[in-house]
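What the coordinates show
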Amino acid sequence: MAAHLSSGRVNLTALREAGRRELREVLDKCAGTKAIVWDEYLTGPFGLIAQYSLLKEHEVEKMFTLKPGRLPQADVKNVIFFVRPKLELMDIIADNVLREDRGRSPQRDFHILFVPRRSLLCEQWLKEQGVLGSFIHREQYSLDLIPFDGDLLSMESESAFKECYLESDQTSLYHAAKGLMTLQALYGTIPQIFGKGECARHVANMMIRMKREFPGSQNSIFPVFDTLLLLDRNVDLLTPLATQLTYEGLIDEIYGIQNTYVKLPPEKFAPKKQGEGGKDLPTEPKKLQLNSAEELYAEIRDKNFNAVGSVLSKKAKIISAAFEERHHAKTVGEIKQFVSQLPHMQAARSSLANHTSIAELIKDITSEYLLYRLRDLTSEDFFDNLTVEQEFMSGIDTDKVNNYIEDCIAQKHPLIKILRLVCLQSVCNSGLKQKVLDHYKREILQTYGYEHILTLNNLEKAGLLKPQTSGRNNYPTIRKTLRLWMDDVNEQNPNDISYVYSGYAPLSVRLAQLLARPGWRSIEEVLKMLPGPHFEERQQLPTGLQKKRQHGENRVTLVFFLGGVTYAEIAALRFLSQMEDGGTEYVIATTKLINGTTWIKSLMEKLEPAPF
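Residues numbered from 1 in each chain as written. Predicted model: local features only at pLDDT ≥ 70, side-chain atom pairs only at ≥ 80, totals over all residues. Heavy atoms only, no water.

With an unreviewed UniProt entry as reference, the chain is termed Vacuolar protein sorting-associated protein 33A, source organism Anas platyrhynchos platyrhynchos.

A tally of regular secondary structure across the chain gives 23 helices and 15 strands. Sequence separation of 24 or more characterises 79% of the internal contacts of the chain that already satisfy a separation of 6 or more. Only carbon and sulfur atoms are counted for the fraction: they give 51% of the accessible area of the chain, which is about 28600 Å². (Helix = DSSP H or I, 4+ residues; strand = E, 2+ residues; numbered from the N terminus. Contact = heavy atoms within 4.5 Å. Areas by Shrake-Rupley, 256 points an atom, 1.4 Å probe, with all protein chains shown as cover.)

If you trace the five strands from one edge of the open sheet to the other, you get β2-β1-β3-β4-β5, paired in parallel fashion. With partners counted over all chains shown, the strands left at the sheet margins are β2 (60-65) and β5 (135-140), one partner each. For this sheet, the mean inter-axis angle between neighbouring strands, taken without regard to orientation, is 20 degrees. With five bridges connecting them, strand β4 (residues 109-114) and β5 associate as parallel partners. Along β5, the bridge assignment pairs Phe-114 with Gln-140. Each of β1 (34-38), β2 and β3 (78-83) is contacted by helix α2 (residues 40-47), which is oriented at about 110 degrees to β1, the strand it contacts most. Contacts from helix α4 (residues 87-98) reach β3, β4 and β5 within the one sheet, and its direction differs from that of β3 by about 170 degrees. (Pairing = 2+ DSSP bridges. Axes fitted to C-alpha atoms, helices over the stretch in contact; angles between N-to-C directions.)

Let us now look at the environment of His-111. Of note, His-111 is situated in strand β4. Of the residues examined, His-111 reaches a relative accessible area of 3% and is grouped as buried. Along the primary structure His-111 and Asn-78 are separated by 33 residues, whereas in three dimensions their C-alpha atoms are 7.4 Å apart. Those residues in contact with His-111 that lie beyond four places of it in its chain are Cys-30, Asn-78, Val-79, Ile-80, Phe-81, Phe-135, Ile-136 and His-137. There is a polar contact of 2.8 Å between the side chain of His-111 and the side chain of Asn-78. (Buried < 20%, exposed > 50% of the residue type's maximum accessible area, 1.4 Å probe, protein only. Polar contact = N/O pair within 3.5 Å; in protein donor to acceptor, adjacent residues only side chain to side chain.)

What follows concerns the pattern of salt bridges. Side chains carrying opposite charge are able to pair once their charged atoms draw close together. Enumeration over the complete set of coordinates arrives at 33 salt bridges. As a salt-bridge pair, Arg-301 and Asp-149 come within 2.8 Å of each other at their nearest N and O atoms. Of this pair, Arg-301 sits in the loop between α11 (295-300) and α12 (308-324) while Asp-149 sits in strand β6 (residues 146-149); the two residues are 152 residues apart in sequence, bridging distant segments of the chain. Pair check on accessibility: Arg-301 and Asp-149 agree, each one buried. With its nearest N and O atoms 3.4 Å apart, the salt bridge here joins Arg-233 to Asp-236. (Salt bridge = Lys/Arg side-chain N within 4 Å of Asp/Glu carboxyl O.)

Within the largest apolar cluster, 166 residues are counted, with the highest numbers of intra-cluster contacts made by Leu-230, Leu-464, Leu-511 and Phe-560. Considering each element in turn, this core owes the most residues, nine residues, to helix α16 (residues 415-427). Contacts of Leu-511, omitting those with residues within four sequence positions, involve Leu-231, Val-235, Leu-482, Trp-520, Ile-523, Leu-527 and Leu-530. By size, the runner-up hydrophobic cluster in this structure holds 24 residues, among which are Val-79, Val-83, Met-90 and Phe-110. (Core = buried A, V, L, I, M, F, W, Y, C linked by side-chain atoms within 4.5 Å.)

What the three strands build is an open sheet, ordered β10-β11-β12; its pairing is antiparallel. The open sheet is flanked by β10 (257-258) and β12 (286-289), the only strands paired with a single partner. Sheet topology places β10 next to strand β11 (residues 261-264); two bridges connect them, and they run antiparallel. Bridging across to β11, Gln-258 finds its partner in Tyr-261.

Below, the structure is given as structure tokens:
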């Protein structure tokens with residue numbers, strides 16, 4: 001399998017450049033030296049758009065994190081607050097401004113930049129605090145879709161799923177529609193729109209309305225994307241609950257990837273010096289950036305973890321052979337050639353060392369599972385957890401109380417782990433029998449505290465943990481028709497997307513695959529069993545912009561996940577992009593990059609237990 005760097009015909013640089021241009025314009029409105037006060041959540045996403053050097057060019061001299069109290073000392077003319085439109089942040093800003101020393105000379109000018117939209121509610125709140133008049137500029141910066149990689153865009157809206165499915169708040173859907181309009185302005189009108197789910201329907205309607213209201217938005221750019229597929233997360237609640245088994249997916253499951261960066265335990269990365277024993281081990285986490293600009297990572301990120309070891313050992317042999325070449329360099333020309341290749345070789349060696357260390361860290365946690373796969377040994381937690389997940393997904397014992405889950409509750413395993421498993425069982429059974437559901441709820445509340453009753457309520461509202469209403473379980477039909485479970489999965493040289501979960505094919509990606517070929521008409525009955533409407537819209541292209549496809553030219557489909565996407569689903573779509581006879585390249589967009597833990601966490605209510 002070739003390393004997937006980016007979709008052949010889609011270059012997301014234009015989107016990043018548009019973001020930088022907007023940032024420059026905003027900064028230039030505030031003449032003179034500047035300090036930026038950051039809403040901490042925005043620093044990661046902004047780092048993917050612009051480096052500090054760009055801010056420096058526009059006279060940004062200091063940067064602070066938004067905190068209550070007095071602002072730090074800074075000898076600057078302008079203070080710019082970069083914030084999301086949230087009322088709790090307005091309280092902190094009001095506090096900062098009110099504590100400003102009015103007697104100081106020269107006085108500082110305040111500005112506020114709302115990301116991604118200005119909010120009348122927030123401005124009203126600042127007015128009530130008596131500080132709205134202190135802001136010379138009140139602007140917005142439309143950070144809708146952020147390029148994370150050559151084929152990946154995210155809005156990084158951490159509460160999008162909760163807002164859409166629990167609070168009936170469509171703000172993030174509006175931002176998604178705006179982001180898609182920006183994309184069309186840069187990459188041409190997308191002729192075909194398909195969708196599944198209520199939120200998908202809303203986004204498509206908003207896009208069509210925006211197009212009608214701004215006839216000028218019809219551009220004469222040749223379309224890069226042939227198709228847009230909008231998918232609601234609640235069409236496929238199962239996939240994020242399962243443990244991802246790709247290299248990148250496992251890194252995210254175990255350590256969490258934030259805005260392409262991961263923080264890892266430092267001990268595996270300490271340089272080994274002889275005779276020093278264990279002294280002076282680093283204490284700071286090792287921070288690494290993970291994207292496909294790094295050759296080795298691009299090659300292994302989407303592989304099943306069981307296939308990563310052989311790639312790393314092959315790479316190690318190639319690199320050590322390359323370094324051996326220096327002994328054979330005799331002539332000046334040969335030595336010169338070796339020296340010119342040295343930086344690339346050293347970067348490759350350092351990259352190999354990093355990924356070998358990460359693979360060892362993951363292996364320490366997953367080794368029971370790997371041992372089982374290799375030698376038929378059974379062992380502890382990771383394997384047991386995975387076995388139960390895979391039994392549920394393949395339809396075994398989904399309708400009764402599970403012993404392993406009961407044992408985990410009795411041993412007070414982390415609550416999120418329990419919730420993931422119980423929700424997975426519920427989804428694989430189209431809801432649980434009332435007495436099974438009541439039993440789990442009672443056990444959870446008695447063990448972890450009654451304050452979690454609101455979380456259980458949220459999970460029920462979102463459709464993740466619910467009673468079986470019709471008495472009929474549709475999941476076996478869906479599983480069979482869409483071939484969601486494959487017994488004979490090949491993890492080393494996969495021939496199907498099910499390799500990303502060692503047997504389970506993500507339902508969401510199967511829908512994308514079947515849309516491309518043979519089309520959704522072949523699965524009408526199953527589509528009706530899944531929540532929300534399915535639809536198709538066509539957007540008229542100006543004359544002369546209709547595509548004449550060259551022989552062998554792939555179609556490009558943008559798949560937009562409303563409510564979050566996992567790295568395993570991204571890997572599965574990249575796999576489809578690379579299939580020889582696939583005929584379709586995929587670019588992925590989402591409201592948020594998620595895994596089961598971060599997703600369940602976003603639905604939990606943080607209630608403090610009573611103090612008695």
